[in-house]
Structures are given as C-alpha cells and as structure tokens.
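This is what each chain is made of:
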Amino acid sequence: MSVAPGSKGKVLLAYSGGLDTSCILVWLIEQGYEVLAYMANVGQEEDFEAAREKALKVGATKVFIEDLRRELVEELVIPTIQANAVYETVYLLGTSVARPVIARSQVAIAQQEGCTHVSHGCTGKGNDQVRFELAYYALDPTLKVIAPWRIPEFYQRFPGRNALLEYAAEKSIPVSQTPSKPWSTDENLFHISYEAGILEDPNTTPPRDMWKLTVDPEDAPNTPERITITFKAGKPVRVTNDADGTDVSDPLDLFLYLNTVARRNGVGRIDIVENRFIGIKSRGCYETPGGTVLRAAHIDLEGLVLDREVRAYRDEHITPVFGKMMYNGLYFSPEGDLLTKMVPLTQVDVNGSVRVKLYKGSLTMEGRW
C-alpha cells in the first residue's frame, strides 16, 4: 500500500548528490514524507548546480545550497587553531570542525520551511551521526531526526552498494559513471579524510593516487618556499610571501592561500588509527595542508609571547578538552560554550609574526618576532 507523499510531514535532508543520499531522498518520499534537500558549501570540490538539478529530478520539492566557508573559517577553524586543539595528539579535527556550522544552518532552514523532521546519510558506525544529531537536538529539540542507516527496514533493503545501484536504476536516479574508489572520503576547506575499504587493513600503505590535495613530498619543489604569518590575539591576520609578492589579510582568503602553499609543498598528510567516540577503532588518512602550517606557526609564536602559567593551564585544562569536545560533537553543549569563551582569554597577548619554511612535506620555523 502506497503512502501519500507529504502525509508524514516535511523533512530537510542533508544531501550530497551522491548515490546514498539520492537513494535516501527517494526512499523518504516513498515513506510518505515531503523532502527538501540541503547542501552546505564548506569548501569541498562539488558541482552544486548539478546536484541541485539531480535532487529536483528525483523528487525534492526545494533545494537549499548555503555557502558556509567564511563561517567555518572564522567561527570554527580559527578558534580551534587558537586552542592548538587536536584529538589523540595528532588529528587536527578536520571533519569535526565543519559539523557545527552545517547542522546549525540545516536547523535554521528546517525551521524557516516548517519542517517536522531533519535527516542525514551518516552510517551507523561513524562519529558524524552523533555530531549531527547532538547538534540538531541542542538547537531545536522539537525536530525529529531520521537516520536511515540505523532503521532496520532501510539497511536490510540496502545491504550494500549493489542494492543501492539496483534501486537507483529502478527509480531512474542518475548515477555518476566515475569508478568508485576503494575508500570513502569527506572534504571541506580545512581537510579531506580517507577511510574504509582497503584502508581497513592498518598495514595497507595508501596508494599514491589516493592523496588528492597535496603533492607527494618526494615530488614537491626542490627549492624551499618561505612565508610570514602574522597573528593578533592568536588569530592569523596576514600572510606574506616576499618571493611572489603575495600579501593576504582577509580570513577566508588567507586560509585558502595557506592551503595553496602547503599543498604544492606536500605539507599536511597523516595516517593514523584513532578511537572513535562510538567505541571502535578507525584507520584514517588525512590531508590538512593550511591547518597544519597555521597550527605549527601559532604554537611557535606562543613560545615567545605567552605567559608560562597561562600556557601551562591552557595546555592541561583547555586544549585536550576542547579537542575532545569538538571530536565528540559537543560544540553546542554547555561545556562547548564555556570552552569557546575561554580560549580567547588565553590569546590576548599572542601577537607577532612567524617566518615559516615549507620544503618537501616539512615545516621549519626560521624566526619569530
């Protein structure tokens, strides 16, 4: 027995344009929901207009595409750098920092459009389901959350990619003909992550063609590149490159330029096994080019200008807790609010400049004042 579209309410789906969320969109319509699609531009390389057309083609009544890049840099990336925050001493929180701005925007649009539900395509074994849902509930507890990959009816119907492809063919859902890579990725302007597939074996060396953002350090230029980064109250306010005349001060442009410089010099790759919030270990490979440079320069400058006891207190009581808070999706919690207010207090005197040399995947601080 078919269910009338819209009879169960209106849902705003976080939509990527890929196979999973396209199938989820159609499946939700089949279940009786009116579906609106939401896409966040956080710096990923994506054809947003093509994704908009696809969502409308398969049944979305409206599509919203929000440019959140500036919010991401100014509200999440820079404070994370100010806190020197990482997770388990090495992961720069690239996926985690994007989730609060995405969820906040999704909730705002859901409220604007009178939605009764929000939905996402996160799997049941990852951290993102927790990050998004904690944010949804904190921002608007009246919204109901649909997590298809945790609904038995859904995951039993779609136990693997082939089942999704068959459904896509049956429902005339356009599917990209690009060959699938044997791993999954998540990208924003701060980083890109690679996991699952062949990377599930922690002893499998990532193939050279997996890395997308950075030049292989062995193939990076044989001549070092030097830049100067200036901070005010712990925030990067200027980057200069005397060799080519670059001088950037806008926060978003500054971060994009640091990405460009770091990428061409092979800076920012890591390959780790981490403990996920949900209780499993996960092998992840990450490229965080501009963030790696910025954090290293920030730490170096603090050695010159930050009071010893303030630094010791921050390093013991704020930095690790901030990193865990971000990783676990607690940005909109009371402790998240407290931590984000405490970080700027430690940064009042972090003013100055750092000279950085980038060379074949490495960073060297050559001076600071």
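Looking at an unreviewed UniProt entry, one finds the protein named Argininosuccinate synthetase and attributed to Linderina macrospora.

Undergrad: Residues and numbers for the sheet that holds strand S6 (residues 184-187), please.
TA: One open sheet holds the four strands; their spatial order is S6-S7-S12-S11, and the pairing between them is antiparallel. Edge strands, defined here as strands with exactly one partner in the open sheet, are S6 and strand S11 (269-275). Mean inter-strand twist for the sheet, computed between neighbouring axes without regard to direction, equals 25 degrees.

Undergrad: How would you summarise the side chain of Asp216 if you had to cite specific residues and measurements?
TA: On the secondary structure map, Asp216 appears in the loop between strand S7 (192-195) and strand S8 (225-232). Setting aside its immediate chain neighbours within four residues, Asp216 contacts Arg208 and Arg269.

Undergrad: Describe the pairing of S11, and please don't skip the residues or the numbers.
TA: Pairing analysis gives seven bridges linking S11 to strand S12 (residues 281-287), with the strands arranged antiparallel. Along S12, the bridge assignment pairs Val273 with Arg283. Taking the residues that link successive antiparallel strands as the turn, the S11-S12 hairpin has five residues, and the phi of Gly279 there is positive, at about 110 degrees.

Undergrad: Please set out a nonpolar patch on the surface residue by residue, giving values where relevant.
TA: Taken together, Phe277, Ile278 and Ile280 make up a surface patch of nonpolar side chains, about 230 Å² in accessible area. Within the element layout of this structure, Ile278 appears in the loop between S11 and S12. Looking at Ile278, the relative accessible area reads 32%, which means it is partly exposed.

Undergrad: Lay out the state of the cysteines in plain terms, naming residues and giving numbers.
TA: This structure, assessed with the given rule, holds zero disulfides. Distance from the sulfur of Cys23, which forms no disulfide, to the nearest cysteine sulfur (Cys122) is 16 Å. In this structure Cys122 comes out as buried when scored by relative accessible area, which is 13%.

Rules and cut-offs
Residues numbered from 1 in each chain as written. Predicted model: local features only at pLDDT ≥ 70, side-chain atom pairs only at ≥ 80, totals over all residues. Heavy atoms only, no water. Pairing = 2+ DSSP bridges. Helix = DSSP H or I, 4+ residues; strand = E, 2+ residues; numbered from the N terminus. Axes fitted to C-alpha atoms, helices over the stretch in contact; angles between N-to-C directions. Contact = heavy atoms within 4.5 Å. Patch = residues over 30% accessible without salt bridge, like charges linked within 9 Å, V, L, I, M, F, W, Y side chains within 5 Å. Areas by Shrake-Rupley, 256 points an atom, 1.4 Å probe, with all protein chains shown as cover. Salt bridge = Lys/Arg side-chain N within 4 Å of Asp/Glu carboxyl O. Buried < 20%, exposed > 50% of the residue type's maximum accessible area, 1.4 Å probe, protein only. Disulfide = S-S within 2.5 Å.

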